[in-house]
Amino acid sequence: RWPCNLLSLPGLVFDGVARSLFSLAPASCADPVNVKYALLTYGFLFLTGLQLCGPHPVAVIPSWTGRRVSRAFPIWTFLAAVTAYDLKTAAETGALFTAPYRGLSRGLRAFGAVHLLSKVGAIFFDPSFPNSYHAVALVPGWAAAAIAFFCITLRSDGTAPK
């Protein structure tokens, strides 16, 4: 015998997913660091889904790689989403400035910095730009939006409370 009615399973799954999505929202919109990490969590989850399920020109936007390699990049954006969620939770509990979370915060900021530096290098120092990046050239709005989103990772967390 099943522990619950089988007809109630879709409702239970929907409730669980809805609760999970709402737990991603910041606990306080007055705290800019909490809002930053909530936005990063949502954004990195969106980019992960876009890369996994999106059509070809749009799927390569976060990574700027070819069709096959771009399907391997979502693991990095998913890892960034999990890290941002951990940092959002730490900001809500007041543990953001402890040693483990400082390392996560610096790692997420380094991920964003390396990503943005690679785009700067591709645009300004790669002599084959834009010819080698035809997928990116097909959707310049998405490319600009992804670059702007990654800039959020560089925003400071502020200073530790005394």
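Residues numbered from 1 in each chain as written. Predicted model: local features only at pLDDT ≥ 70, side-chain atom pairs only at ≥ 80, totals over all residues. Heavy atoms only, no water.

It is worth spelling out the nonpolar core at this point. Judged by nonpolar contacts, the single largest core of 28 residues is most densely connected at Tyr37, Leu40, Phe44, Leu96, Leu108 and Phe150. Residues in contact with phenylalanine 150, not counting those within four places in the same chain, are Phe44, Leu47, Phe111, Gly112, His115 and Leu116. (Core = buried A, V, L, I, M, F, W, Y, C linked by side-chain atoms within 4.5 Å. Buried < 20%, exposed > 50% of the residue type's maximum accessible area, 1.4 Å probe, protein only. Contact = heavy atoms within 4.5 Å.)

Counted according to the given criterion, the structure contains seven aromatic pairs. Consider the rings of phenylalanine 44 and phenylalanine 111, whose centres lie 6.0 Å apart with planes at 50°: the pair is tilted. Highlighted residues: phenylalanine 44 in helix H2 (residues 32-53) and phenylalanine 111 in helix H5 (residues 99-124), separated in sequence by 67 residues. Classification of phenylalanine 44 by relative accessible area gives buried; the value is 0%. Pairing phenylalanine 149 with phenylalanine 150 gives two aromatic rings, centres 6.0 Å apart and planes at 80°, and the pair type is edge-to-face. When its relative accessible area of 12% is taken as the criterion, phenylalanine 149 is described as buried. Judged by its relative accessible area of 0%, phenylalanine 150 is buried. (Phe/Tyr/Trp six-rings, centres within 6.5 Å; stacked < 30°, edge-to-face > 60°. Helix = DSSP H or I, 4+ residues; strand = E, 2+ residues; numbered from the N terminus.)

Our focus in this paragraph is the packing of H2 against helix H4 (residues 74-93). Taken N-terminus to C-terminus, the directions of H2 and H4 make an angle of 160°; their axes are 8 Å apart at the nearest point. One element, H2, and the other, H4, form an angle in the roughly antiparallel class. As for the relative orientation of H2 and H4, their crossing is left-handed in sense. Residues Val33, Asn34, Tyr37, Ala38, Leu40, Thr41, Phe44, Leu45, Leu47, Thr48, Gln51 and Leu52 of H2 lie in contact with H4, whose contacting residues are Pro74, Thr77, Phe78, Ala80, Ala81, Ala84, Tyr85, Leu87, Lys88, Ala91 and Glu92. Residues of the contact of H2 with H4, tallied by class, amount to 16 nonpolar, five polar and two charged. (Axes fitted to C-alpha atoms, helices over the stretch in contact; angles between N-to-C directions. Parallel < 35°, antiparallel > 145°, perpendicular 65-115°, else oblique. Left-handed = near helix turned anticlockwise from the far one by under 90°. Nonpolar A, V, L, I, M, F, W, Y, C, P; charged D, E, K, R; others polar.)

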